[in-house]
Amino acid sequence: GLLVGVGSARLREMMLQTGAKVSITGEHDTPASLSDRVLSLRGGTAQKEAACWQVVERLFYAQGVEPGGQGIFVMLVPSAAAGAVEALEPPAVGPAESELWADQDDEEAGEGEAEAAEIEVAEETIAGTDDRPVRIFGTFSQTVAAAIAIGRMVEALSSPASPSSRGTSATTAAAAA
């Protein structure tokens, strides 16, 4: 599969490269209303963000998104966090990229002002869950920046104040497995 690979080789490679624990639902534990399987990332913030980068990269490749083109990425967030996600100002990504985005094609940054991805939170939860889909539309860098910002927000809202529990909550995204 796109993210799992033959004999789970891609999944193992992603976990080795990022340090994140990555799991993907099977056919029988994926909600029936979803056409894609659900991928969950666990670990420290930097580990999950590195894995998110790779997941979005592979999904954009599968969508045939050209450098600088726009693609779609869907995350699932708990309903309790949906209001905060709706109010989120996604990070703008443009010509003056941070080091995080430096490896991407210069074409993507383009000329002029920085722009942010479009974020759309579904009104309804996925049947049988307490999760709501969040669709992110944008260039690769815009999409990754928005996904990371949403993941950080959900983690902050769901993590207890205890430092020992920080960085262990899941960031979940729908993915073609």
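It should be noted that the structure appears before, not after, this text.
Starting from 1, residues in each chain are numbered consecutively following that chain's sequence as written. For this predicted model, a pLDDT threshold of at least 70 governs which residues receive local features, and a threshold of 80 or more governs which side-chain atom pairs are given and counted, while totals over whole chains, interfaces and linings are taken from all residues. As a convention, hydrogens and water are excluded, and side-chain values are obtained from all of the structure's heavy atoms.

*Asks:* Looking at this structure, how should I read the nonpolar core?
*Replies:* In a soluble, globular protein the nonpolar side chains are often hidden away together inside. In this text, buried Ala, Val, Leu, Ile, Met, Phe, Trp, Tyr and Cys residues form a nonpolar core when linked through side-chain atoms within 4.5 Å. Burial classes: relative accessible area under 20% of the type maximum marks a residue as buried, over 50% as exposed, and values in between as partly exposed (1.4 Å probe, protein chains only). Core analysis: the largest hydrophobic core is formed by 33 residues, its most contacted members being Phe 73, Val 85, Val 134, Ile 136 and Ile 150. Considering every element that reaches this core, the biggest residue donor is helix α5 (residues 140-158), with nine residues. Excluding residues within four positions of it along the chain, Ile 150 makes contact with Met 75, Val 77, Val 85, Leu 88, Ile 119, Val 134 and Ile 136. Put simply, DSSP marks the helices as runs of H or I at least four residues long and the strands as runs of E at least two long, and each gets a number from the N terminus on. The contact definition used throughout considers only heavy atoms, calling two residues in contact when any of these lie within 4.5 Å.

*Asks:* Could you clarify how one ought to interpret the side chain of Arg 132 in this entry?
*Replies:* Assignment of secondary structure puts Arg 132 in strand β5 (residues 131-138). Under the relative-accessibility criterion, Arg 132 is labelled buried at 13%. Reaching out from Arg 132, the side chain makes a polar contact with the side chain of Glu 86 at a distance of 3.4 Å. What Arg 132 contacts, discounting residues up to four positions off in sequence, is Met 75, Leu 76, Val 77, Ser 79, Ala 82, Glu 86, Val 121, Ala 122, Glu 123, Glu 124 and Thr 125. Residues adjacent in sequence count toward polar contacts only when both atoms are side-chain atoms; beyond that, a polar contact is any pair of N or O atoms within 3.5 Å, and within protein one must be able to donate a hydrogen and the other to accept it.

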